Amino acid sequence: MTDNAEHARLPEERLAKLEQLRAAGVDPYPARFARTDLAAEVTPTFDTAPGRPVRVAGRVVGGIRRMGRATFLHLLDGSGQIQAYFKQDVLGEQAYGLLDAIEAGDFLGVVGNTIRTRTGEVTVQAVEYAVLAKSLRPLPEKWHGLQDVETRLRRRYLDLIANPEVADVFRLRSRIIHEVRTFLVERGFLEVETPVLQAVPGGGAARPFETYYNALDRTLYLRIALELYLKRCIIGGIERVFELGRNFRNEGLSLKHNPEFTMLEAYQAYADYRDIMALTEELVATVAERALGSPRITLGEEEVDLSPPWPRVPLRDAILQGSSVDYEACPDAESLARAAAEAGLRTQPGWSRGKLIDELLSTFVEPKIREPVFFVDYPVELSPLAKRRPDRPDVVERFEAFCGGMEIANAFSELNDPLEQRARFLEQVRLKGAGDEEAQPFDAEFLEALEHGMPPTGGMGMGIDRLAMLLTGQRRIRDVILFPQLRSIE
RNA sequence: GGGGGCGUAGCUCAACGGCAGAGCAAGGGCCUUUUAAGCCCGUGGUUCAGGGUUCGAAUCCCUGCGCCCUCACCA
């Protein structure tokens, strides 16, 4: 639906019910109701204490079964549903009669005793009830639920009410993030918060959102990564540090991309990328175990085991196997572009060697990955912030973790040689000048910090939305983000 | 941005060149253990918006808006 005027109109029948309540002296929006019981807890406690008094509250969902002088309905609260049963001879004619003004969507508080109905459902038989909030708009249809994707996303609250499995996904997402945080804190990591508004949007390769700060009369950018500030923390002596926060990238929407997304970055002094690999696989398996009860997850038809250790595969071997292209046999962009084109990659003129390698990876390798795997030995030109392997200066101490057809983590032994970092930044600046829009900016303040000395450090970034997709079995990133980006309504 | 599909009642969907419909929701009536309650009766429409073709358009054509799929882009 795109017609705002249509939605602005309130159903007159609902307004009439509201007036009916007010005319009877009922406040349709009272400030409080003393709830003592959650819907989901009423049924399991019935057998040990049948007939006990309870006070439940929630939204009226589903159909109201009005049968003359008896009425049944279900209340939905944050824990689940419970049936309530109203009889005229218990409530009295006036209170019972006011149920006429109650509709699906309204919030009710019910005071009563638990009973088991003829069909076996534990139910609260009302002694009294209170209107807690009158709803002025109808809920989506109860049987088919809410199907229209646009409505589900634009008015997610209706989706949450109509489709209980959606609420389950977000409960699980919360649990996953909690377990990630717990895992890191248990291992001595300190959680910090670093600036979202940055003068130099570094730490990754992406186009930033730009904004303007009036008081200082300067352009600022929303961060695209957490990296450079967390390294400042390491330099400052916080030896294990992490941040769970939102990054912003001014790029396209896809099944796996939203312009704002949640990132975990964790840095550990005196660790290298091998230590971080062990940390990463243990983190994912532990979070799955604690949030789902098992390190085994379901991906479509398949079951995938996240338990460590995950295989370590050189990137060159993975691409060779996936595409028959051996990029180490192609030392320059021209020869690699030819080989990639022969393998079926649709190349574009001007792509760098690094770009070609990345395209080979994402086209021929990434989509086929099911079980978790680490790719290692990344070419230095793809990794301006990573340390070189001492025995092989053409590759860096870096890995990316893949699972279920997605990249879920990226990590390296952090480059802590300030002079080399300066040279790498200058190379990025050169690439930017040559038209590479993803090349990273020169960050003089970060370099100055690095010049004060950073201990050997391993660092890792993990896409939390993608981790949530993996562990909740969702195919689309927007299904694990409550309010994903959509085009605006006129 | 390219290609394809879709947009009809509050919701889920029909009608596909010839009177815009059903189920649910909402309204009225009956019903004191229902749970997709049931039975009876009514109500509800700028067919996304604008233009065109036609005797006649929800239907065909064009433009715009939005959503979905897909490709591109996005490590």
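Residues numbered from 1 in each chain as written. Chains lettered and ligands numbered in written order. Predicted model: local features only at pLDDT ≥ 70, side-chain atom pairs only at ≥ 80, totals over all residues. Heavy atoms only, no water.

Among the nonpolar cores identified, the biggest contains 46 residues, and Leu184, Leu264 and Leu283 are the most heavily contacted of them. Here this core takes 9 residues from helix α10 (residues 273–292), the largest share from any one element. Setting aside residues up to four positions removed in sequence, leucine 264 forms contacts with Val180, Leu184, Phe242, Glu243, Leu244, Leu283, Met460, Gly461, Met462 and Ile464. Within the second largest apolar cluster, 42 residues are counted, among which are Val192, Cys233, Phe261 and Leu345. (Core = buried A, V, L, I, M, F, W, Y, C linked by side-chain atoms within 4.5 Å. Buried < 20%, exposed > 50% of the residue type's maximum accessible area, 1.4 Å probe, protein only. Helix = DSSP H or I, 4+ residues; strand = E, 2+ residues; numbered from the N terminus. Contact = heavy atoms within 4.5 Å.)

What follows is about the pattern of salt bridges. Evaluation of the coordinates by the stated rule reveals 42 salt bridges. Across the pair arginine 424 and glutamate 420 runs a salt bridge whose closest N-O atoms are separated by 2.8 Å. Taken together, the residues span about one helical turn, with arginine 424 and glutamate 420 both in helix α14 (residues 418–433) at a distance of 4 residues. Note on accessibility: arginine 424 and glutamate 420 belong to one class, buried. A salt bridge links arginine 422 to glutamate 451; its shortest N-O distance comes to 3.0 Å. Pair noted here: arginine 422 is in helix α14 and glutamate 451 is in helix α15 (residues 444–451), with a separation of 29 residues, a long-range link. Judged by relative accessible area, arginine 422 falls into the partly exposed class, the value being 34%. (Salt bridge = Lys/Arg side-chain N within 4 Å of Asp/Glu carboxyl O.)

A separate point is the pairing of strand β1 (residues 53–67). Judged from the 7 bridges that link them, β1 and strand β4 (residues 107–116) form a sheet pairing that is antiparallel. Residue pairing for β4: proline 53 is matched across the bridge by asparagine 113. The pairing of β1 with strand β2 (residues 70–77) spans 6 bridges and is classified as antiparallel. By the bridge assignment, valine 61 is partnered in β2 with histidine 74. The hairpin turn running from β1 into β2, its antiparallel successor, is 2 residues long, and glycine 68 in that turn takes a positive phi close to 65 degrees. (Pairing = 2+ DSSP bridges.)

We now examine helix α12 (residues 333–342). Three- or four-residue spacings in an α-helix give side chains the same orientation, since the helix completes a turn every 3.6 residues. All of the buried residues along α12 are Ala333, Ser335, Leu336 and Ala340. Buried residues along α12 cover an arc of 165 degrees about the axis, so they all sit on one side. In α12, the exposed positions that point more than 90 degrees away from the buried face belong to Glu334, Arg338 and Glu342. Elements in contact with the buried residues of α12: α13 (353–365). For α12, the N-terminal cap is aspartate 332; the gap from its side-chain oxygen to the backbone nitrogen of glutamate 334 is 3.2 Å. Immediately beyond the C-terminal end of α12, within one or two residues, lies glycine 344, with a positive phi of roughly 105 degrees. (Arc of directions from axis to C-beta. Polar contact = N/O pair within 3.5 Å; in protein donor to acceptor, adjacent residues only side chain to side chain.)

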